[in-house]
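What the coordinates show
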Amino acid sequence: MLKLRLKRIGRKRSPSYRLVIMENTTRRDGRPIEEVGYYDPISKKSKFNEDKIRKWLTYGVKPT
């Protein structure tokens with residue numbers, strides 16, 4: 001089953017996240033099928049590719 005989840009990147013105490021499509025059995029920081037956006041909680045920046053997210057949601061991807 002495919003899931004839409006956050007993948008943590010960045011250094012210690014300086015996290016940032018990528019919004020990715022991956023298999024539910026893959027570990028959190030494993031290899032994604034596709035990256036559809038990012039989120040930086042420190043600087044409050046985010047960018048999401050809404051077209052790709054909608055496409056994957058129609059394919060049955062479950063957001064977590």
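In this report, we go over the structure that sits alongside the text. Throughout this document, residue positions are counted from 1 along each chain, in the order its sequence is written. Residues qualify for local features only when their pLDDT is at least 70, as the model is predicted, and side-chain atom pairs are given and counted only at 80 or more; totals for whole chains, interfaces and linings, by contrast, use all residues. As a rule here, side-chain values come from all non-hydrogen atoms in the structure, and water together with hydrogens is ignored.

**Thoughts on the sheet that holds strand β2 (residues 14–23)**
Which entries qualify depends on this criterion: Between any two strands, pairing holds if DSSP finds at least two bridges. Helix and strand assignments come from DSSP, with helices taken as H or I runs of at least 4 residues and strands as E runs of at least 2, each series counted from the N terminus. For this analysis, residues touch if any pair of their heavy atoms sits within 4.5 Å. Orientation is described by lines fitted to C-alpha atoms, with helices fitted over the stretch in contact, and by angles between N-to-C directions that extend from 0 to 180 degrees.
Here we have 5 strands laid out as an open sheet, ordered β4-β3-β2-β1-β5, and mixed in their pairing. With partners counted over all chains shown, the strands left at the sheet margins are β4 (45–48) and β5 (62–63), one partner each. Where β2 meets strand β3 (residues 34–40), 5 bridges bridge the pair, whose relative direction is antiparallel. Paired with Arg 18 across the bridge in β3 is Tyr 38. Docked against the sheet, helix α1 (residues 50–58) engages β1 (2–11), β2, β3, β4 and β5, running at close to 125 degrees with respect to β3.

**What to know about the pairing of β3**
Looking at chain direction, β3 and β4 are connected through 4 bridges and run antiparallel. Bridged to Asp 40 within β4 is Lys 45. Linkage of β3 to β4, two consecutive antiparallel strands, is achieved through a turn of 4 residues, within which Lys 44 is found at a positive phi near 60 degrees.

**Structural notes on the nonpolar core**
The cut-off we apply is this: Grouping buried Ala, Val, Leu, Ile, Met, Phe, Trp, Tyr and Cys residues that are joined through side-chain atoms within 4.5 Å yields what is termed a nonpolar core. Burial classes follow relative accessibility: with a 1.4 Å probe on protein chains only, a residue under 20% of its type's maximum area counts as buried, one over 50% as exposed, and anything between as partly exposed.
In terms of nonpolar packing, the biggest core is built from 7 residues, these being Leu 4, Leu 19, Ile 21, Val 36, Ile 53, Trp 56 and Val 61. Of all the secondary-structure elements, those providing two or more residues to this core are β2 and α1. When sequence neighbours within four positions are dropped, the list of residues in contact with Leu 19 reads Leu 4, Arg 5, Leu 6, Glu 34, Glu 35, Val 36, Gly 37, Tyr 38, Phe 48 and Ile 53.

**Some thoughts on the pattern of salt bridges**
Which entries qualify depends on this criterion: The working definition used for a salt bridge is a side-chain nitrogen of Lys or Arg within 4 Å of a carboxyl oxygen of Asp or Glu.
As enumerated under the stated definition, the model contains 4 salt bridges in all. Note that Glu 35 and Arg 18 form a salt bridge whose closest N and O atoms lie 3.4 Å from each other. Linking Glu 35 in strand β3 with Arg 18 in strand β2, this pair joins segments that are 17 residues apart in sequence. Here Glu 35 falls in the partly exposed class, since its relative accessible area comes to 38%. A salt bridge links Asp 29 to Arg 28; its shortest N-O distance comes to 3.0 Å. Given a relative accessible area of 30%, Asp 29 falls into the partly exposed group. Given a relative accessible area of 47%, Arg 28 falls into the partly exposed group.

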